[in-house]
Amino acid sequence: MNEVTMAVMRKSLAIVCAAMLVTTLSAISIVRADNRTEVGAGSGDNASFSEDGLGEGSFGDGSGSSSSAAAEGGGGGFGGTGGGTGAGGASGGPGTSGGSVSDGPAGRDPRLLPHKGTDCPDYNPKVGVFCDHFLVGGTTVLSGPLAVYGDQGIKGGLAWIAHYNSVIAPKEGLRKAKLVWYDDNLDPNKTLQYVQRLNEVDKVLYLGGITSPEAAARYLEEAKFPMIGDIGLSPKSWTNRYIFPTTPSEQTRNPIRIKTAVQRFGIKSFSVIQDVLPSVDTGPVKRSWEKAAEKFGVQLKEYVEVPSTSSDCSTQFSRATSPKPEYLIMPTASAVLLACLRAARQYSISPGASQSQWLKGWSGGSNLQLEVDNCKPLCEGMLSIGTVFSDPRVSETEQMRTYRQNMAKYAPNVDITGFIAINYYHAGYVFYSMVKQKGIQNGLSRENLLRAAESFGPFDTGFGNTITWGNKLPREPWTCGYPVVVRGDKWVFESNKVCL
């Protein structure tokens, strides 16, 4: 073989390798964008952009530190020409371009297909709306005791996006979405700074979720910056015009928990160990428990608070159980719940135990398998905070079957029973349905999203819950929930909902 032939072969091989590399990188949805300047502070090194459609591969395990979080995942987001959604603790997500009008899927209305350049009716880069994509953003937490929830929210949202990109977007010829998100380390000050940056520098269309609605609520109102799909991490999530949560507020959820305890155990009294996120005003939370006691004719004997990130609960447990309540509400977050159960072992207190015959039942946890794995057999019969969703393991609705399939395919290491993962997956589907129902595919703007959300519902999501947002505050998307109880080696989702 002569030198000329060898040179040609080497050049051809290089071209092939380069093409393969480009193809591989295009299939990876999250691209690191470190060392970006955040608003009002030093450097924001946790920003991430999704530039391309998500490939068919699975995700990483999301266990990296905050500095490498961008490589591990993002929230959810999708949109047609003028329509979009966000889901996930980080919110937003990758999208898929649908081609030009001339090469769009056969049989589709060309007016609903993505345009090129600036030739679309809703082009507005000042709020992240382009003819072939739009921007959506949010914040999450990927380190510390609550990292499991941030990781699950991200991967749940991305599983929806993977399905949307590979099935829905190509079929319907929809524009893609691009994600901008930050790991705020559960610091309310950072949350606010990143929300400001997302609006003023990154110029995203809307937020899908942030870790501290408490810290950003006023800014959202001032900037008229909507957040749609919020799980509800602050009492302000239900009292702010620009926040659209998917779950009942504590004013509904906590009375439902006491109603369940009264019906199930016939209790006359209860105590509460309330876990609290940083900076949250807990006044409304405490009042919700007082309201529950009054509504169902029982006595609230003790109310104590513990940080959601705490690894110790002994003092709070002792105080809450000292007046001998018939029912005990324990924290929702896994780590601090398990800390309270360690205290229960220390004090030899559990329902029906010889030293605590007065305790008829207790509640705590967030439906994660790791909670049962670490608390059994002590927690047998314990109720969790509950859920607004059907059991994802057995529900046979089309939406839930697709959820199972996509989580197995794109996020196989995520516990599908956790309500954070379900929420940020289903929020994408809800937003897609809202945009389609309201016909704003070609009119994507913050104002149109706000109007659409304020007139949306009741909508049966197919995940067990119904959502109605409306324009009256406080918003209560739904007033029902399903009890979830530890039976043997797992959480069991009950099928009969309890409504307030």
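As shown above, the structure is provided for reference.
Residues numbered from 1 in each chain as written. Predicted model: local features only at pLDDT ≥ 70, side-chain atom pairs only at ≥ 80, totals over all residues. Heavy atoms only, no water.

Participant: Is there a simple way to explain the nonpolar core in this structure?
Facilitator: Most often, soluble globular proteins have nonpolar side chains that are buried together. Residues L220, I273, F317, M330, Y403 and W469 are the most contacted members of the largest nonpolar core, which totals 106 residues. If sequence neighbours within four positions are ignored, W469 has contacts with I228, F244, P245, T246, V430, M434, A453, F456, R475 and P477. Of all hydrophobic cores here, the second largest spans 15 residues; its members include A261, V285, V298 and Y303. (Core = buried A, V, L, I, M, F, W, Y, C linked by side-chain atoms within 4.5 Å. Buried < 20%, exposed > 50% of the residue type's maximum accessible area, 1.4 Å probe, protein only. Contact = heavy atoms within 4.5 Å.)

Participant: Sorry, what's going on with the packing of helix α2 (residues 147–172) against helix α10 (residues 398–410) here?
Facilitator: For any two helices packed against each other, one specifies the crossing angle of their axes together with the interaxial distance. Relative to each other, α2 and α10 sit at 100°, their axes nearing to 9 Å. As far as their axial angle goes, α10 and α2 are roughly perpendicular. Mapping the contact onto sequence places K155, G156, A159, A162, H163 and S166 in α2 and T402, N406, M407 and Y410 in α10. Considered class by class, the residues forming the contact of α2 with α10 number 4 nonpolar, 5 polar and 1 charged. (Axes fitted to C-alpha atoms, helices over the stretch in contact; angles between N-to-C directions. Helix = DSSP H or I, 4+ residues; strand = E, 2+ residues; numbered from the N terminus. Parallel < 35°, antiparallel > 145°, perpendicular 65-115°, else oblique. Nonpolar A, V, L, I, M, F, W, Y, C, P; charged D, E, K, R; others polar.)

Participant: Whenever I open this one, the state of the cysteines confuses me. Can you help?
Facilitator: Here is the idea: a disulfide is a covalent bond, and it sits between the sulfur atoms of two cysteines. The full count for this structure, using the stated rule, is 4 disulfides. Between C313 and C340 runs a disulfide, and the two sulfur atoms are separated by 2.0 Å. Torsion about the S-S bond of the C313 and C340 cystine: about 75°, corresponding to right-handed handedness. Highlighted residues: C313 in the loop between β13 (299–307) and α7 (314–321) and C340 in helix α8 (residues 334–347), separated in sequence by 27 residues. As far as the burial class goes, C313 and C340 line up, both buried. (Disulfide = S-S within 2.5 Å.)

Participant: It is not clear to me how α8 should be interpreted in this structure. Could you clarify?
Facilitator: Here α8 spans 20 Å end to end across 14 residues, near enough to the 20 Å set by a 1.5 Å rise per residue. All of the buried residues along α8 are S334, V336, L337, L338, A339, C340, L341, A343 and A344. Next to the buried residues of α8 lie α2, β12 (269–276), β13, α7, β15 (361–363) and α9 (369–375). Backbone geometry just downstream of α8 places S348 in the positive-phi region, at approximately 55°. (Expected span 1.5 Å × (residues − 1).)

This is a description of form; function is not addressed.
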